[in-house]
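Chain and residue survey
Residue strings, one per chain:
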Protein chains: 2
Amino acid sequence: MNEFALIDWIRGQAGPATSGVSLGIGDDAAVLALAPGESLVVTTDTLNSGVHFGDYDPADSVGHKALAVNLSDLAAMGAAPRWFLLSLSLPKDSDAWVKAFVGGLLGLARTMNVALVGGDTTAGKLSVTVTALGATRQGRFLSRDGARPGDWVVVSGELGDAALALQELSRGRSPDPSGVEKLRRPIPRVELGATLVGNATACIDLSDGLLADLGHIAGSSGCGAVVEADRLPGSESLRSCPVEVRRALQLTGGDDYELCFTWPEARRDELAGIESDLGLKLSVVGRMVEGRGIRCLDSDGQPLAFEKQGYSHRL
Amino acid sequence: MNEFALIDWIRGQAGPATSGVSLGIGDDAAVLALAPGESLVVTTDTLNSGVHFGDYDPADSVGHKALAVNLSDLAAMGAAPRWFLLSLSLPKDSDAWVKAFVGGLLGLARTMNVALVGGDTTAGKLSVTVTALGATRQGRFLSRDGARPGDWVVVSGELGDAALALQELSRGRSPDPSGVEKLRRPIPRVELGATLVGNATACIDLSDGLLADLGHIAGSSGCGAVVEADRLPGSESLRSCPVEVRRALQLTGGDDYELCFTWPEARRDELAGIESDLGLKLSVVGRMVEGRGIRCLDSDGQPLAFEKQGYSHRL
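Residues numbered from 1 in each chain as written. Chains lettered and ligands numbered in written order. Predicted model: local features only at pLDDT ≥ 70, side-chain atom pairs only at ≥ 80, totals over all residues. Heavy atoms only, no water.

A few words now on the sheet that holds strand S12 (residues 293-297) of chain B. Residue and element names in this part refer to chain B. As summarised here, the arrangement of the seven strands in space is S8-S10-S7-S11-S9-S12-S13, forming an open sheet in which the pairing is mixed. Single-partner strands in this sheet number two, and they are strand S8 (202-205) and strand S13 (303-304). Here strand S7 (residues 152-156) runs beside strand S10 (residues 259-263); their pairing, made up of four bridges, is antiparallel. By the bridge assignment, valine 154 is partnered in S10 with phenylalanine 261. Of the strands in this sheet, S7, S8, strand S9 (224-228), S10, strand S11 (282-289) and S12 touch helix H7 (residues 210-221), which is tilted by about 145 degrees from S8. (Pairing = 2+ DSSP bridges. Helix = DSSP H or I, 4+ residues; strand = E, 2+ residues; numbered from the N terminus. Contact = heavy atoms within 4.5 Å. Axes fitted to C-alpha atoms, helices over the stretch in contact; angles between N-to-C directions.)

Structure follows, in structure tokens:
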């Protein structure tokens, strides 16, 4: 398939333009309208073959994940996702792969009600870049820099299952299918993010591992944090791992795509309300403190050390 | 350099956030404000090492071009460029390359008054994806679908020099330096695009070659076009080539990043006014017609055929 045939096929799959789209796929650029008083929230993430995914990952799951990791960034800002662009570099003879990929991508797009409005397709090593665009009421968004000493550190869902699944797969073992599902088809916490705006003091999505990502909140906010390793929420599979393995996966494994946010202790009742309204587990796992850096404690209050803080690309 | 050190370094180079930027580099997403009554215009383009550029291209020129080709898409919509995102996949030990690359990228960004507001850096084969964001007054933009039979086909600047330079470089020869400059550092026609809004009936930027790109206007507008090959504007170097070579480069070579637009003949005086106001050559090279497809004629009115219509990635 040549470039233009592929674009036409994708356009057919994506369906007609939706709300706010003055001009969608098929021109030099897309033209999009925000409502009065809305700001634009925009983010981009690349997934490279051999780095972020491999031949063993089903193409439709790569499509799902390429969009999900971007929507997770919008969720961490408390923004409502609206539209996205897809830039695709494809080696020769990728037809079957790209059809499954687009299926997974547009499946999540329909679920989350976001519209594909443009992009680029070129020859190259298999690589996917999604740019996601969302909206927020002016000045009403979450950022990394508002945490204050004394705030609780809260995470959604359970941590470490995706990292455990990746570790097992890389060792040729068969991991728990629900862990593989979390690794390959993370669900961006869009509803939670929207609920946290105006309530949480800072927020980030967990892509590189809790220590690294909470480190960004602490660094941007000019304070430190203490995490209690044994309060980290985990699945049964994870709790059956040796404790050191479990802690390393949950604190430094990455790929969770849950939200980590800071919350004033005085508003503890509201937190319980959100948890019950959304039917999503929210766990207090530590506290922001004066000073710098992230310290990790075991259940006896003894400090724990880790070889690495989380995933960082060596360039 | 690791990923986060690189992001900090780029942030330092990019300087402080500018107009409309509520939150720039360094959070999960950027937050941007449009003025009341403005629409967003957004486009993305990828340049891959070994496909769009090579080791022989200076890194700073790759940075310039990665942004320029995106701003050229915004120019073709008549939009005012405001912001951009950069997604960079880098092999190991790219420090020197990336510093020169960012220099070229931010050099053009300063000239065009656009701000880098976010992006992504990952390990991978060298690849650059830029997403450019601009603004237009609501409903005031150019598109590909408004050309009508009888409209003139107009191009800006001169065509074919970039394709000639690329051909010479690929054959190990030393091309005319001004052609190499056009290939490596195209100047997006932003001012022209803005001037054409409300006047031109359709517009596209010339990236894949005139026949292919005008073909998109014709296809979207439901008509055909006739191009007079010997009216195509060309440099002296180009006019010294054999006529068949010149025509092929100008019609199918690509990489011009000039604008091609359609214009009602009745408004010929305004066209001359724009040419003189902008100090930019505008050449009438053909006419839109009833029917389908693009026909090309020599100065005797005889039809010309070309092996390929323009650049299309085989995937």
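What follows continues from the structure just given.
Residues and elements named next belong to chain A. Across all of its chains, the model carries six aromatic pairs over all chains by this definition. Residues tryptophan 97 and phenylalanine 101 carry aromatic rings whose centres are separated by 5.0 Å and whose planes lie at 15 degrees to one another, so their mutual orientation is stacked. Taken together, the residues tryptophan 97 and phenylalanine 101, both in helix H3 (residues 95-112) and four residues apart, mark about one turn of the helix. These aromatic residues form a ring-pair network of at least three members: Phe53, Trp97 and Phe101. Sitting above the plane of the tryptophan 263 ring, arginine 267 keeps its charged end 6.0 Å from the centroid. (Phe/Tyr/Trp six-rings, centres within 6.5 Å; stacked < 30°, edge-to-face > 60°. Lys NZ or Arg CZ within 6 Å of the ring centre and 35° of its normal.)

Before going further, it helps to examine empty space enclosed by the protein. Counting across every chain of the model gives three cavities of 30 Å³ or more. Roughly 80 Å³ of internal volume is contained in the largest cavity. Around the largest cavity, the lining residues are Asn48, Ser49, Lys125, Leu126 and Ser127 of chain A together with Asn48, Ser49, Ser89, Gly124, Lys125, Leu126 and Ser127 of chain B. For the lining of the largest cavity, the residue count by class is two nonpolar, eight polar and two charged. In this structure, the second largest cavity spans a volume of roughly 50 Å³. (1 Å grid on protein atoms, 1.4 Å probe; cavity = no way out; pocket = protein on both sides within 12 Å on 5 of 7 lines; lining within 4 Å. Points joined across faces, edges and corners; volume = space filled by probe spheres on them. Nonpolar A, V, L, I, M, F, W, Y, C, P; charged D, E, K, R; others polar.)

Every contact between the two is made by 65 residues of chain A and, on the other side, 63 residues of chain B. Of the roughly 5200 Å² buried between chain A and chain B, counting both surfaces, carbon and sulfur atoms make up 56%. At the boundary of chain A and chain B, one finds four salt bridges. Our count for the chain A to chain B interface comes out at 23 residue pairs in polar contact (both at pLDDT 80 or more). A per-element tally of the side of chain A that touches chain B places strand S3 (residues 38-48) of chain A first, with nine residues. Looking at the side of chain A that touches chain B residue by residue, the classes come out as 27 nonpolar, 24 polar and 14 charged. Looking at chain direction, S3 of chain A and strand S2 (residues 30-32) of chain B are connected through three bridges and run antiparallel. Among the inter-strand pairings, valine 41 of chain A is bridged to a residue of S2 of chain B, identified as valine 31 of chain B. (Buried area = accessible area lost by both parts, 1.4 Å probe. Salt bridge = Lys/Arg side-chain N within 4 Å of Asp/Glu carboxyl O. Polar contact = N/O pair within 3.5 Å; in protein donor to acceptor, adjacent residues only side chain to side chain.)

Here we take up the side chain of threonine 129 of chain A. Counting through the fold element by element, threonine 129 of chain A comes out in strand S6 (residues 127-137). We classify threonine 129 of chain A as buried; its relative accessible area is 4%. Side-chain polar atoms of threonine 129 of chain A contact the side chain of threonine 46 of chain A, separated by 2.8 Å. When near neighbours in sequence (up to four residues on either side) are disregarded, threonine 129 of chain A contacts Thr44, Asp45, Thr46, Leu85, Leu86 and Ser87 of chain A together with Ser87 and Thr129 of chain B. (Buried < 20%, exposed > 50% of the residue type's maximum accessible area, 1.4 Å probe, protein only.)

That is the geometry; function is a separate question.
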